[in-house]
Amino acid sequence: MVYCRYNMAETGWNCMNFEATKELIDTLSPLINVKSLIISTENKDWKGRPYQSDLVMLDDKNNICFEVFDNEIIIGYFTDHIHFEDYSFELEDGEPNYVKRAKEFLNKLYTLSIRYYEKYKGTRLVSEKYFFVHPDCEEENITGVIVHRLMLGLNPFAKKIIQIKTWQYDKSKNTFTTTQPWKPDPNAIEVIKIAGKYIEINENSGVYTFTIWHTDYDDYYGMYYWVPMDNGTASFFDKKEKAIEAAREILKLS
């Protein structure tokens, strides 16, 4: 394999096979640290035969990657992948080409939540589905349904179970997680992190209050969300230091 690394002293990426690779990386540059990427520029197929492409691994743990060929882009994510092929000869005027469609998909992958449905028959996985979740909670089917071949001896009376998990990219940790990224209140005058929880101090007309945030698990969506602690809010304090002290005391007792 031949690898390509970002070169600060020269022109950045200067060893890729295809211009489309740079376009995709530029799309991701506001979202991830692209300078840490390593691109494989000479690869082998499953039979060990060499071929030329740009394979960019974005998140090895979750199989987030893309591979660029001269007329196709394949984006991998978790247990699935999607193809974007060059059908420019079939496109109507104004329709996005395959590179633009791949860029739009990567942007959604890193900015929207990804909801994952697993369907089991007893203990055996029979199908999977992935959806992008838009801010209005609408689900957009990504690539269809992954159907697994049923194994011999499958009990036709086995209970059907659907498990749901929601992934979201956490820029601060540079990985996909099932914990919703922390987003502080922009109006808070001070934020203090203690043992995985956050104390937010707010002020209004010289009166101080606090809110303590922690994560709570949603069984249905399979994701941790940031919510206020049941006893993590208080009335009013005449000094910020008193509000902080009261919040810290609650955390000690919890």
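In this report, we go over the structure that sits alongside the text. The written sequence of each chain sets the order in which its residues are numbered from 1. In view of the model being predicted, local features appear only for residues whose pLDDT reaches at least 70, and side-chain atom pairs are presented and counted only at 80 or more, with totals across whole chains, interfaces and linings using the full set of residues. With hydrogens and water set aside, each side-chain value is computed from the structure's full complement of heavy atoms.

1. Thoughts on the pattern of salt bridges
- When a carboxyl oxygen of Asp or Glu lies within 4 Å of a side-chain nitrogen of Lys or Arg, that pair is called a salt bridge. Under the definition given, this model contains 7 salt bridges.
- Glu-23 is paired through a salt bridge with Lys-103; the nearest N and O atoms lie 3.6 Å apart. Taken together, the residues Glu-23 in helix α1 (residues 19-28) and Lys-103 in helix α2 (residues 98-111) connect sequence positions 80 residues apart.
- For each residue, the accessible area found with a 1.4 Å probe, counting protein chains only, is set against the maximum for its type, and the residue is called buried under 20%, exposed over 50%, and partly exposed in between. When its relative accessible area of 25% is taken as the criterion, Lys-103 is described as partly exposed. Strands here mean DSSP runs of E at least two residues long; helices mean DSSP runs of H or I at least four residues long; both are numbered from the N terminus.

2. Considerations on the packing of aromatic side chains
- Each pair of aromatic rings taken from Phe, Tyr and Trp, with Trp reduced to its six-membered ring, is defined by centres within 6.5 Å and is described as stacked if the planes are under 30 degrees apart, edge-to-face if over 60, and tilted in the remaining cases. As enumerated under the stated definition, the model contains 19 aromatic pairs in all.
- Grouping aromatic residues by their ring pairs yields a cluster made of Tyr-77, Phe-78, Phe-84, Phe-105, Tyr-110, Tyr-116, Tyr-130, Phe-132, Trp-167, Tyr-169 and Phe-176.
- We call a charge positioned over a ring when the NZ of a Lys or the CZ of an Arg lies within 6 Å of the ring centre and within 35 degrees of the ring normal. Sitting over the face of the ring of Tyr-117, Lys-129 holds its NZ or CZ atom 5.6 Å from the ring centroid.

3. Description of α2
- The terminal C-alpha atoms of α2, which comprises 14 residues, lie 20 Å apart, in line with the 20 Å expected from a rise of 1.5 Å per residue.
- Those residues of α2 that sit buried are Tyr-98, Val-99, Ala-102, Phe-105, Leu-106, Leu-109 and Tyr-110. Axial view of α2: buried residues confined to an arc of 125°, hence all on one face. Each residue after the first adds 1.5 Å to the expected span of a helix. Within this analysis, the arc is defined by the directions that extend from the helix axis to the C-beta atoms.

4. Structural notes on the pairing of strand β10 (residues 160-170)
- Strand direction decides the pairing type here: strand β7 (residues 113-121) and β10, joined by 8 bridges, are antiparallel. For Tyr-120, the partnering residue across the bridge sits in β10 and is Ile-161.
- In short, DSSP must find at least two bridges between two strands for them to pair. As defined by bridge partners, β10 adjoins strand β11 (residues 175-177) across 3 bridges and the pair is classed as antiparallel. Bridging from a neighbouring strand, Tyr-169 pairs with Phe-176 of β11.
- The turn joining β10 and β11, which pair antiparallel and follow one another in sequence, is formed by 4 residues; a positive phi near 55° is taken by Asn-174.

5. As for the environment of Val-34
- Within the secondary structure, Val-34 sits in the loop between α1 and β2 (38-44).
- According to the relative accessible area criterion, Val-34 is buried, its value standing at 11%.
- For the pair Val-34 and Leu-58, spaced 24 residues apart in sequence, the C-alpha separation works out to 8.7 Å.

6. Points about the side chain of Arg-115
- Its location among the elements puts Arg-115 in strand β7.
- Of the polar contacts made by the side chain of Arg-115, one reaches the side chain of Glu-139; its length is 3.1 Å.
- Should any heavy atoms of two residues lie within 4.5 Å, those residues are counted as being in contact. Not counting chain neighbours up to four residues away, the residues in contact with Arg-115 comprise Lys-129, Tyr-130, Phe-131, Val-133, Glu-139, Ile-164, Lys-165, Thr-166, Tyr-221 and Tyr-225. The term polar contact refers here to a pair of N or O atoms within 3.5 Å; inside protein, the definition further demands a hydrogen-donor-capable atom paired with an acceptor-capable atom, and it admits residues adjacent in sequence only when both atoms are side-chain atoms.

7. Some points on the layout of surface pockets
- Taken as a whole, the largest pocket spans an internal volume of roughly 280 Å³.
- Method remark: on a 1 Å grid restricted to protein atoms, a set of points is classed as a cavity if a 1.4 Å probe fits but cannot get out and as a pocket if it is open with protein on both sides within 12 Å along at least five of seven lines; lining residues have an atom within 4 Å of a point. Taken together, 14 residues form the lining of the largest pocket, with Ser-113, Val-133, His-134, Gln-168 and Gln-180 sitting closest to its centre.
- When the residues that make up the lining of the largest pocket are grouped by side-chain class, the tally is 6 nonpolar, 6 polar and 2 charged. Grid points are joined across faces, edges and corners, and a volume is the space filled by probe spheres set on the points. Three residue categories are used. Nonpolar comprises Ala, Val, Leu, Ile, Met, Phe, Trp, Tyr, Cys and Pro, charged comprises Asp, Glu, Lys and Arg, and polar comprises the others, including Gly.

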